[in-house]
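Observations on chain architecture
One-letter residues, chain by chain:
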Amino acid sequence: MEPTTHYALEIKNLKKSFGAKSVHRGVSFGVKTGEILGLFGGSGTGKSVILRSIIGLETPDEGEILFHGRNIVNIGELEMPPIRKKIAYVFQNGALFDSLSVEDNLAYPLRAHSSLSDEEIHNRVNQMLDLIDMPGTNNLLPAQLSGGMQKRAGLARAIILEPEIILFDEPTAGLDPPNTQRLISNIKKLKARGSTGIFVTHDIPSAFEIADRIAILYNGKIHVIDTVDKIQKSKDPLVQSFILGAGDA
Ligand SMILES: Nc1ncnc2c1ncn2[C@@H]1O[C@H](COP(=O)(O)OP(=O)(O)OP(=O)(O)O)[C@@H](O)[C@H]1O
Ligand SMILES: [Mg+2]
């Protein structure tokens, strides 16, 4: 059997039902250190529930979620916070605090979870604003930002503690092509810095641009997981229907 220790994150035989509705029927896949795994699947197939389960917002009925080989399902209130600092979840709309400036939004995790001085925090915030191509926006309120900027600021806040793993839940949804491209280039910069991630999306071209491998969730299981190249060349009708954009139907 293939050794599993090279996975930063491994999902093993996850099962989850909501009432009579069985969403996950044995989902298994691994994410290697330094790779971005694209996760496709029709609407309602349970992609977000996978991400939410990884950070402990949902509890699987069965199965394991291994973070560097250690099962983090149900590890409890004391042990989860240090792991949560290492796994960032990028919310779809940015999830910024409306009443706080961009600076205070980004500084928030640092003030709560680091011992950096005010000056160090300010410098860190500015580095992040450079990374997301938003220098000088420190004093703006979220309402003064475009949708694309709000998403990038949300990305910056999610990753300001330098997590090992970043979970992206449809980060490009609702963005126009230039803003999609800007966000993709931000994510590419993170990837070049060694970030590991899961990129849940219906945006197939963006996933092909940034992912190393693609997994397709279908009928409660991972139907296929392979390199972008192999997925693009696949003759499997289901894979083809996803690539052609019909997989969501
Ligand atoms: N807390 C919950 N209680 C009950 N049902 C839920 C809950 N969370 C998710 N579901 C159901 O589980 C299924 C999977 O939801 P999920 O949000 O993971 O889908 P998804 O693949 O992310 O879809 P989309 O692409 O539309 O975002 C859906 O049918 C949803 O209604
Ligand atoms: Mg979802």
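Description of the structure in this document. Source: prediction; values computed, not measured.

So, on to the pattern of salt bridges. Inspection of the entire model under this criterion finds 10 salt bridges. Across the salt bridge formed by E35 and R213, the nearest N and O atoms sit 2.7 Å from each other. Of this pair, E35 sits in the loop between strand 2 (21–32) and strand 3 (36–41) while R213 is found in strand 9 (residues 213–218), placing the two residues 178 residues apart along the sequence. Each of the two residues, E35 as well as R213, counts as buried. Between K191 and D212 there is a salt bridge, with its nearest N and O atoms 3.1 Å apart. One end of the pair, K191, is in helix 6 (residues 177–192); the other, D212, is in the loop between helix 7 (204–210) and strand 9, with 21 residues separating them in the sequence.

Here we take up the side chain of S234. Locating S234 in the fold gives a position in the loop between helix 8 (228–233) and helix 9 (237–243). One polar contact links the side chain of S234 to the main-chain amide nitrogen of D236, over a distance of 3.0 Å. S234 has contacts with V239 and Q240, leaving out every residue within four places of it along the chain.

Moving on to helix 6. Turn by turn, an α-helix covers 3.6 residues, leaving residues three or four places apart pointing in a common direction. Between its first and last C-alpha atoms helix 6 spans 22 Å; for 16 residues at 1.5 Å apiece the expected length is 22 Å, and the two agree. Residues of helix 6 that are buried include every one of N179, T180, L183, I184, N186, I187 and L190, and no others. Along helix 6, the residues classed as buried sweep out an arc of 155° about the axis, all on the same side. Along helix 6, the residues that are exposed and aim more than 90 degrees away from the buried face are P177 and A192. Looking at the residues trailing helix 6, positive phi occurs at G194, about 100°.

By the element assignment, N179 lies in helix 6. Owing to a relative accessible area of 13%, N179 belongs among the buried residues under this scheme.

Our focus in this paragraph is the sheet that holds strand 1 (residues 7–18). If you walk across this open sheet you meet the four strands as 2-1-4-5, and the pairing is antiparallel. Strands at the two margins of the open sheet, each flanked by one partner only, are strand 2 and strand 5 (70–71). As paired elements, strand 1 and strand 4 (residues 62–67) share five bridges and run antiparallel to each other. Its bridge partner lying in strand 4, L9 is registered against F67.

Basis of the calculations
- Residues numbered from 1 in each chain as written.
- Chains lettered and ligands numbered in written order.
- Predicted model: local features only at pLDDT ≥ 70, side-chain atom pairs only at ≥ 80, totals over all residues.
- Heavy atoms only, no water.
- Salt bridge = Lys/Arg side-chain N within 4 Å of Asp/Glu carboxyl O.
- Helix = DSSP H or I, 4+ residues; strand = E, 2+ residues; numbered from the N terminus.
- Buried < 20%, exposed > 50% of the residue type's maximum accessible area, 1.4 Å probe, protein only.
- Polar contact = N/O pair within 3.5 Å; in protein donor to acceptor, adjacent residues only side chain to side chain.
- Contact = heavy atoms within 4.5 Å.
- Expected span 1.5 Å × (residues − 1).
- Arc of directions from axis to C-beta.
- Pairing = 2+ DSSP bridges.

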